Amino acid sequence: MQTKGGEMVKKFDIFQLLKILIPIAAVFLALLLGSVLLLFIDVNPLEAYRYLIFGNFTNKYNTAEIFVKSTPIILTGLAFTFAFRTGLFNIGGEGQMFAGAMAAVFVGLKTGHLSPFLTISLSLIGAIIAGAIWGLIPGFLKGIFGSSEIIVTIMFNYVALYLISYLVDKPLRESIGFYPQTDLIGKNAFLPYVVPNTRLHIGFVIAVIISIIVYIILWKTPFGYRLRAVGFNPDGAEYSGMSIKKSIIISMAISGALAGVAGFTEINGIHHRLLDNFSKNVGFDGIAAALLGSANPAGVVVSSILLGMLQTGSNSMQRGVGVPANIVSIIQAMIIILVLAGNMLRPKLELYMRRKEKVIE
Amino acid sequence: MKDIFNITFLIALLSASIRLSVPILFAALGGMYSEKSGVVNIGLEGMMLVGAFAGVVGSYFTGSYWIGTIVAVLSGMLIAALFALITVKIKINQIVSGVAINLLAVGITSFFYRALFGITTVPITVNAFSPVSIPILSDIPIIGEILFKQTALVYIAFILVPISHYIFYKTSLGLNIRTVGEHPMAADTVGIPVEKVRTACVLISGALAGLGGSFLSLGQFNMFVDNMVSGRGFIAVAAVIFGKWSPTGVLMASLIFGVADALQIRIQMSGVSIPYQFLLMFPYILTVVAVTGIVGRTTSPKALGTPYEK
Amino acid sequence: MFKKRSIIALLIISVLLIASLSGCGTQPKDEAPAAPAAPAASDDGGETTSTPEDSGKDYKIVLLLPGPINDQGWNATAYEGLQMVEKDLGIKMEYIESVQQADFEAVFTDYGSRGYDLVFAHGTQFYDAAVNVGPQFPDTFYMVINSEEGQEPNVGGIGVREWEGGYIAGIIAAMNTDTKKMGAIGSFPFPVIAGTLDAFEAAAQRIDPEIQVTKTYVNSWEDIQKGKETALAMAEAGSDVIFCSANEVGLGSIEASKTKGVKAVGYISPQNEVAPGTVLSSVTYNTPGLFKGTVQQLIDGELKPEGVSLGWADGVLDMQWTDDIGQDVKDAVYEAIEELKAGKIENPYKGE
């Protein structure tokens, strides 16, 4: 610690390193705790974890699965991020995704015979509108009645879930009527694959493009600036003439639309039909990704990919070593909790280290 | 549907409503403590599941369902302690934490059940509660039949309502809780230990949710089945809100949801075919309506959902 | 923000680099996987090493389940099948629980690319994915349980006519009711379940046209409180025999029957011991046998990519009688079974 310049360099290294080290340490801790359970049932933790981490990359298909899984998480993560940046907590990503999915399926069933460009675009537009509506209503309720959007969006998640359950049970049930799901959407509405022989469809590309769009909107346009100002300081914003009510409603609508696109990618890219309980928990994974990514689009994309790796790795671990589903649940929950905890504790650790350094001086 | 005016039918309906509403009531009362202090608790479902499991384990090893119940309460508190650590101390987003707790609970209960009892064709059964008639009161026509011939846990649930009312509105602890939930900064300035109060409330919510879970496994049955809570924890979250965060409100909300459930079964039996999914949506839509304040003002604790930074 | 992004990008790149390097070195996919996680306190002793009596070829077989193995019903019988295969044929099968629909194709692909011999998929819902993935891995046979279709060259289906089970349950119930009112509880109004309940009703009304059957759905596989309350409501409305086709929920309805002093008919799992005195008898599924039979076909090289439909005629259903069931009931049941075997009775499912 000689020159001021030298000092600064040293500090820079450590704190930036922490950003990487702490999440890794958190994952390590979670795996350590998990290994206790694994040992209990006579499974070798090292072997299990080898599958967890590297099982992702055994072949092209599995590696592609990472991005397949991360696509909807990116979108719901962006939805949460957008609302968060404007001062709102949109917990309804799951429900808005379902709304988008319902619209996409409806469009896909009716127009699936048209040219691919047409039917895919229509499906996407339908999903955006449906998601926007599902986000707009809670936004409206907050703007006009002051109802907490946290609560309303959570309730709307359940309403959307049961609505889908109803649709696939009665009105839209597949023609052979055997299982509660709709018919397949028209072949032309299927999203083309980016990498042949895998399930990686252009939905992932769409998601990344949208994340760039979100970044541009929020940080590079006056419109986005206004929304963020409202989020940052509602009273100040109001004084400078922005209508808070309008901001809230618009913001929730856009946020919902983003999550609605997730419904589009999942239906048109993966399932090709509407069914009960598809893409479980994607909404909350999105929130986790947004938190891990510090609510900025690039971070969301990266965290979503990491979460996608976690999921495909867990599947691999289950298949490769026979780890039962319940342990996989436990390990996943612990990883998410510990990484988020590490994220939260990092500033405190940094502060502590800075204080220490000052004392040494 | 002519039966609905038959007294026996009504008695049976209301008895069933009580049984169906009690698990929700326990969890919702717990959730109410937590939310009144400002912590959203989505993890009620997981805490109930852990309680249901722990109750059976306790009864299995000691042969006493009362001890089982105590084990359930303690286990609920244990999970809640983890939740409190994550949300109050480390201040991670409460929703994500709640969901993570639920994930954890499902995995843990399934894992330990198999570790302890193996995979059996018929679930392990333990000693459990039987209905207890309260002398004199149970002889009251109609009301006695409905209210006073239930298992002990039901009576406990109902007693908790006035107790909670007393705590919230007539004690300084209650005042502290409410202040912390509305204006944590003001509370802090006056010397109320915000984090301690919130932690205590979260622990209470875990205890009560655990109790609600054990009601299912020990009070209604004598066994544990994977995922037997089946979403009641989430309905409890709605009940807290629909009940406007007050003990009597939560009681009403739980009863309404219980009646709706019992009614739905009987409606289905009579052949009227309302798609069941709409009946399932009912508690949630009702809650949204309540929150808009059209039917009476609703104010959530102002600091609900926001971790408190000193 | 730029700095952070570059650091994170660095992190990703380094992880990927390390991973790909190690991934090249160690090949997890071709290792013989470790034994499936058998719980520490398993009751029956069927898990120690058993000497295979066939030519010693190590078959790689996996069982894919849509739910957990202790669900008292569908998935539990599959697990029993796995145990039977291990005990009688000496082959260890792996199993994966709670496979999500979104992952079906990925899982099939995974096992196909790892060169597995036989993949059991326990549920109709797997069929579409099997048909999509099957052609890519012709050396792996995909057997979908409860599908009545197959596809060349390597997808087969075994359909179980569950309504035949419901039919027999209806006969048992009809011959034991005094009030002429019975209850039938189903999980979800899927055709399979609805068919079972309809068959229950049809059989009962054949015995005595005055019998009334109340049919309801609890919309769950695990909510035993719902099952109990539904059965209680039925008993209160006068039913004195209750039948339930809903995996674990059945435990709730049996419990309610016991409380109310009415009777129950066990289903899928042998449930006579759950409530002796309450359960009249159980209609059980010999699903474990299906697995053994299929594995045997694999060993003998006789797997056919076609769909079959099985009922009483094929030994997939069985009766677990209690001691206090009357001989007249048994006679009626056996007579009905013969009729079902001869195809004289039609599936009464009317469809929605």
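Residues numbered from 1 in each chain as written. Chains lettered and ligands numbered in written order. Predicted model: local features only at pLDDT ≥ 70, side-chain atom pairs only at ≥ 80, totals over all residues. Heavy atoms only, no water.

1. Remarks on the overall build of chain B
Per the secondary structure count, chain B includes twelve helices and zero strands. Along its sequence from the N terminus, chain B presents helices and strands in the succession α-α-α-α-α-α-α-α-α-α-α-α. For 310 residues, the compact-globule estimate of 2.2 N^0.38 gives 19 Å, and chain B sits close to it at 20 Å. Dimensions of chain B, computed from C-alpha atoms along their principal axes, come out at roughly 60 × 50 × 40 Å. Going through the 310 residues of chain B one by one, you find that 61% of them count as buried. Across chain B, contacts joining residues at least 24 apart in sequence account for 77% of those joining residues at least 6 apart. (Helix = DSSP H or I, 4+ residues; strand = E, 2+ residues; numbered from the N terminus. Rg over C-alpha atoms; globule rule 2.2 N^0.38 Å. Buried < 20%, exposed > 50% of the residue type's maximum accessible area, 1.4 Å probe, protein only. Contact = heavy atoms within 4.5 Å.)

2. Some thoughts on the interface of chain B and chain C
Contact residues are listed per partner, giving 34 residues for chain B and 36 residues for chain C. Here chain B meets chain C over a buried area of about 3100 Å², counting both sides, of which 56% is carbon and sulfur. A per-residue breakdown of the area chain B buries against chain C is headed by I119, F221 and M269 of chain B, which together make up 23% of the total. At the junction of chain B and chain C, the tally comes to five salt bridges. Residues D223 of chain C and R232 of chain B are paired through a salt bridge, measuring 3.0 Å at the closest nitrogen-oxygen approach. For the side of chain B that touches chain C, the secondary-structure elements that each account for two or more residues are α1 (7-36), α4 (94-117), α9 (194-220) and α11 (247-269) of chain B. Looking at the side of chain B that touches chain C, the element that brings in the most residues is α11 of chain B, giving six residues. (Buried area = accessible area lost by both parts, 1.4 Å probe. Salt bridge = Lys/Arg side-chain N within 4 Å of Asp/Glu carboxyl O.)

3. Concerning a nonpolar patch on the surface
Residue and element names in this part refer to chain A. Where nonpolar side chains cluster on the molecular surface, the patch consists of I125, I129, I133, L136, I137, F140, I144 and F145 and spans about 660 Å² of accessible area. Structurally, F140 is set in helix α5 (residues 116-145). The class of F140 is partly exposed, set by a relative accessible area of 40%. (Patch = residues over 30% accessible without salt bridge, like charges linked within 9 Å, V, L, I, M, F, W, Y side chains within 5 Å. Areas by Shrake-Rupley, 256 points an atom, 1.4 Å probe, with all protein chains shown as cover.)

4. Some words on the domain arrangement of chain C
Residues and elements named next belong to chain C. The domains assigned to chain C are domain 1 (9-160 + 286-316) and domain 2 (162-284 + 322-341). Opposite the 13 residues of domain 1 that make contact, domain 2 presents 14 residues. Carbon and sulfur atoms make up 56% of the area that domain 1 and domain 2 hide from each other, which totals about 1200 Å². The interface formed by domain 1 and domain 2 contains two residue pairs in polar contact (both at pLDDT 80 or more). Looking at side-chain class alone, the side of domain 1 that touches domain 2 contains five nonpolar, seven polar and one charged residues. (Domains from an automatic or database assignment. Polar contact = N/O pair within 3.5 Å; in protein donor to acceptor, adjacent residues only side chain to side chain. Nonpolar A, V, L, I, M, F, W, Y, C, P; charged D, E, K, R; others polar.)

5. Things to note about helix α7 (residues 172-182) of chain B
All names here are of chain B. Looking at α7, one finds that the buried residues are G174, I177, V180 and G181. Looking straight down α7, one finds that the buried residues subtend no more than 130 degrees of arc, so they occupy a single side. In this structure, the buried side of α7 is in contact with α1, α6 (152-170), α8 (184-189) and α9. (Arc of directions from axis to C-beta.)

6. With respect to the sheet that holds strand β1 (residues 61-64) of chain C
All names here are of chain C. Spatially, β2-β1-β3-β4-β5-β11 is the arrangement adopted by the six strands of the open sheet, whose pairing is parallel. Taken across any chain shown, the strands that pair with only one partner, and hence form the sheet edges, are β2 (93-96) and β11 (307-310). This sheet shows a mean twist of 20 degrees between the axes of neighbouring strands, independent of strand direction. Looking at chain direction, strand β4 (residues 141-145) and strand β5 (residues 155-160) are connected through four bridges and run parallel. Bridge pairing links V144 to G157 in β5. (Pairing = 2+ DSSP bridges. Axes fitted to C-alpha atoms, helices over the stretch in contact; angles between N-to-C directions.)

7. A few points about the nonpolar core
One broad trend across soluble globular proteins is that nonpolar side chains are buried collectively. Counting residues in hydrophobic clusters, the biggest one holds 196 residues, and the most contacted among them are L274, F278, M317 and V323 of chain A together with F26 of chain B. Per element, the largest residue contribution to this core is 14 residues, and it comes from helix α6 (residues 149-169) of chain A. Both domains that furnish three or more residues to this core are identified here as domain 1 (1-43 + 323-361) and domain 2 (57-322) of chain A. Apart from the residues lying within four places of it in its own chain, the contact partners of V323 of chain A are L38, V43, A48, M317, Q318 and V328 of chain A. L89, L118, A194 and L310 of chain C belong to the second largest nonpolar core, which has 72 residues in total. (Core = buried A, V, L, I, M, F, W, Y, C linked by side-chain atoms within 4.5 Å.)

8. Focus: the sheet that holds strand β12 (residues 317-321) of chain C
All names here are of chain C. The six strands are arranged β7-β6-β8-β9-β10-β12 in an open sheet whose pairing can be described as mixed. Only two strands of the sheet have a single partner each, and these edge strands are β7 (212-217) and β12. The mean inter-strand angle of the sheet, taken between neighbouring strand axes irrespective of direction, is 20 degrees. Strand direction decides the pairing type here: strand β10 (residues 279-285) and β12, joined by five bridges, are antiparallel. Counterpart to S282 in the pairing with β12 is Q320.

9. As for the pairing of β1 of chain C
Residue and element names in this part refer to chain C. Across the two faces of β1 the burial is the same, with I61 and L63 and V62 and L64 all buried. For β1 and strand β3 (residues 118-122), the ladder comprises four bridges, and the chain directions are parallel. Among the inter-strand pairings, L64 is bridged to a residue of β3, identified as A121.

10. Some details on the packing of α11 of chain B against helix α7 (residues 224-236) of chain C
Interaxial distance between α11 of chain B and α7 of chain C falls to 10 Å at its minimum, and their mutual angle equals 55 degrees. Accordingly, the angle class assigned to the pair α11 of chain B and α7 of chain C is oblique. Note that α11 of chain B runs across α7 of chain C; the crossing there is right-handed. The residues of α7 of chain C that touch α11 of chain B, namely those facing D261, Q264, I265, R266 and M269 of chain B, are K226, E229, T230, A233, M234 and E236 of chain C. Along the lines of polarity and charge, the residues of the contact of α11 of chain B with α7 of chain C split into four nonpolar, two polar and five charged. (Parallel < 35°, antiparallel > 145°, perpendicular 65-115°, else oblique. Left-handed = near helix turned anticlockwise from the far one by under 90°.)

11. Some points on the pattern of salt bridges
Per the stated rule, a full pass over the model turns up 24 salt bridges over all chains. The salt bridge partner of D198 of chain C is K215 of chain C, with a shortest N-O separation of 2.6 Å. Placement of D198 of chain C in helix α6 (residues 191-207) and of K215 of chain C in strand β7 is noted, with a sequence separation of 17 residues between them. Owing to a relative accessible area of 9%, D198 of chain C belongs among the buried residues under this scheme. Its relative accessible area of 24% is what places K215 of chain C among the partly exposed residues. Through salt bridges with shared partners, a single ionic network connects R319 of chain A together with D110 and R114 of chain C.

12. Regarding the interface of chain B and chain A
Taken together, the contact between chain B and chain A spans 38 residues of the former and 41 residues of the latter. The largest per-residue losses of area from chain B upon contact with chain A belong to F111, Q277 and Y284 of chain B, which jointly make up 17% of the total buried on that side. Where chain B packs against chain A, one counts zero salt bridges. Applying the counting rule to chain B against chain A returns four residue pairs in polar contact (both at pLDDT 80 or more). Only α3 (65-89), α4, α10 (232-242) and α12 (276-292) of chain B provide two or more residues apiece to the side of chain B that touches chain A. Among the elements that make up the side of chain B that touches chain A, the one with the highest residue count is α4 of chain B (13 residues). Across the side of chain B that touches chain A, the residue classes tally to 28 nonpolar, six polar and four charged.

13. Remarks on the environment of T177 of chain C
Residues and elements named next belong to chain C. By the element assignment, T177 lies in the loop between α5 (162-174) and β6 (181-186). Along the backbone, T177 and V241 are 64 residues apart, and their C-alpha atoms lie at a distance of 6.3 Å. Sequence-distant contacts of T177, defined by excluding residues within four places in its chain, comprise M182, I211, D240 and V241. Here T179 takes part through its backbone nitrogen, which lies 3.4 Å from a polar atom of the side chain of T177. Within the structure, T177 has its side chain in polar contact with the backbone nitrogen of K180 (distance 3.0 Å).

14. What to know about unusual backbone geometry
Across residues other than glycine, the phi torsion is negative in most instances, and most of the peptide bonds are trans. Positive phi outside glycine occurs at A295 of chain A, with the angle close to 55 degrees. Position of A295 of chain A among the secondary structure elements: in the loop between α11 (282-292) and α12 (297-321). The backbone of N219 of chain C sits at a positive phi, close to 60 degrees, despite the residue not being glycine. By the element assignment, N219 of chain C lies in the loop between β7 and α7. Classification of N219 of chain C by relative accessible area gives buried; the value is 15%.

15. Comments concerning the side chain of S70 of chain A
Residue and element names in this part refer to chain A. The residue S70 is located in helix α3 (residues 60-85) in this model. Under the relative-accessibility criterion, S70 is labelled buried at 0%. A polar contact is formed between the side chain of S70 and the backbone oxygen of F67, at a distance of 3.0 Å.

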